[in-house]
Amino acid sequence: MNRQTHGLLSLLIVFAAILTAIFAIVQSSVIWAILYVVGILLSCLVIVYSFCTKCPSRNTGCGHVIPGKITRFFPPRAEGPYTLKDKIGVVVPLVFMIVFPQYWLLSRPAYFFLFAVLWLIAAADIQFFTCKGCTNRFCPFFQEGSGKQ
């Protein structure tokens, strides 16, 4: 499989984890589930703006494919090193995605386990396959010598 296939696969796995969380939440509260969905949508937009719009690979070699295409809807940003604000714009939304549903997931251990395993698989897939060969030298996970496609 190539980087783009792994990138799409990892996004699908994250989506499955999020669906698991939504399913766990909605069994207790539809309102909290809706808030989580809205938070997820906003988090994705913040991540794409904070990280992907500065990525030099976004238009040609985006490993995740979809975020690279979404960047076209944002104002252009100069490619370059990520600032503290950019990094916070990735970390805070990711923390929200993972931490917010924990109350409901922990009350249903099978959902908690599935959620955790899916996130870990997605993270491993991104790190070991999607990131391999990426040319974004500004990325904190850039692997020297792997920027060949």
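Refer to the structure above for everything that follows.
In short, a report on the structure. Sequence positions are assigned chain by chain, starting from 1 and proceeding in written order. Since the coordinates come from a predicted model, pLDDT governs what is reported: local features require at least 70, and pairs of side-chain atoms require 80 or more to be given and counted, while whole-chain, interface and lining totals use all residues. Excluded from the side-chain calculation are hydrogens and water; included are all heavy atoms of the structure.

1. Points about the overall build of the chain
Secondary structure elements are taken from DSSP: a helix is a run of H or I of four residues or more, a strand is a run of E of two residues or more, and numbering for both begins at the N terminus. Scanning the chain for helices and strands turns up six helices and zero strands. Its helices and strands taken in sequence order, the chain reads α-α-α-α-α-α from the N to the C terminus. Put simply, the radius of gyration uses C-alpha atoms, and a globule should come to 2.2 Å times the residue count raised to 0.38. Taken over C-alpha atoms, the radius of gyration comes to 16 Å for the chain, in line with the 15 Å a tight globule of 149 residues would show. C-alpha extents for the chain along the principal axes are approximately 45 × 30 × 25 Å. Across the 149 residues in the chain, those meeting the buried criterion constitute 40%. Residue pairs at least 24 apart in sequence account for 69% of intrachain contacts in the chain once pairs closer than 6 positions are excluded. Carbon and sulfur atoms make up 76% of the accessible area of the chain, which amounts to about 8,700 Å² in all. Only protein chains enter the accessibility calculation, which uses a 1.4 Å probe; a residue whose area is less than 20% of its type maximum is buried, one above 50% is exposed, and one in between is partly exposed. A contact between two residues is defined here by any heavy atoms of the two lying within 4.5 Å. The Shrake-Rupley method, run with a 1.4 Å probe sphere, supplies the accessible areas, and residue values consider only the shown protein chains as cover.

2. Re the packing of aromatic side chains
A pair of Phe, Tyr and Trp rings is counted when the ring centres sit within 6.5 Å of each other, with Trp represented by its six-membered ring. The angle between the planes then sorts it: under 30 degrees is stacked, over 60 is edge-to-face, the rest tilted. Summed over the entire model, instances satisfying the criterion amount to eleven aromatic pairs. Centre to centre, the rings of Phe23 and Tyr111 are 5.5 Å apart; their planes meet at 85°, and the pair counts as edge-to-face. Placement of Phe23 in helix H1 (residues 3–26) and of Tyr111 in helix H6 (residues 109–130) is noted, with a sequence separation of 88 residues between them. Judged by relative accessible area, which is 23%, Tyr111 ranks as partly exposed. Relative to Phe96, the ring of Tyr36 has its centre 5.8 Å away and its plane inclined at 40°; by these criteria the two rings are tilted.

3. Examining a nonpolar patch on the surface
Each patch is built from residues lacking any salt bridge and having more than 30% relative accessible area; the joining distance is 9 Å for like charges and 5 Å for nonpolar side chains (Val, Leu, Ile, Met, Phe, Trp, Tyr). Whenever Lys or Arg places a side-chain nitrogen within 4 Å of a carboxyl oxygen from Asp or Glu, that contact is recorded as a salt bridge. Together, Phe23, Val26, Val30, Ile34, Val38, Leu42 and Leu45 give the surface a local cluster of nonpolar side chains, amounting to about 610 Å² of exposed area. Contributions of two or more residues to the nonpolar patch are made by H1 and helix H2 (30–50). It is H2 that contributes the most residues to the nonpolar patch, five residues altogether. With respect to the helices, strands and loops of the structure, Ile34 is situated in helix H2.

4. Focus on the environment of Gly7
Assignment of secondary structure puts Gly7 in helix H1. The exposure class assigned to Gly7 is buried, which follows from its relative accessible area of 0%. Residues Gly7 and Leu41, spaced 34 residues apart in sequence, show a C-alpha to C-alpha distance of 19 Å. Those residues in contact with Gly7 that sit more than four places away from it in its chain are Gly63, His64 and Thr130.

5. Description of the pattern of salt bridges
This model, assessed by the stated rule, comprises three salt bridges. For Arg58, the salt bridge is made with Glu79, and the minimal N-O distance between the two is 3.4 Å. Linking Arg58 in the loop between H2 and helix H3 (66–70) with Glu79 in the loop between H3 and helix H4 (84–99), this pair joins segments that are 21 residues apart in sequence. Under the relative-accessibility criterion, Arg58 is labelled buried at 16%. The partly exposed category is assigned to Glu79, whose relative accessible area is 44%. One salt bridge connects Asp86 with Arg77, and the closest N-O pair in it is separated by 2.8 Å. Per residue, the accessibility class of Asp86 equals that of Arg77, and both read buried.

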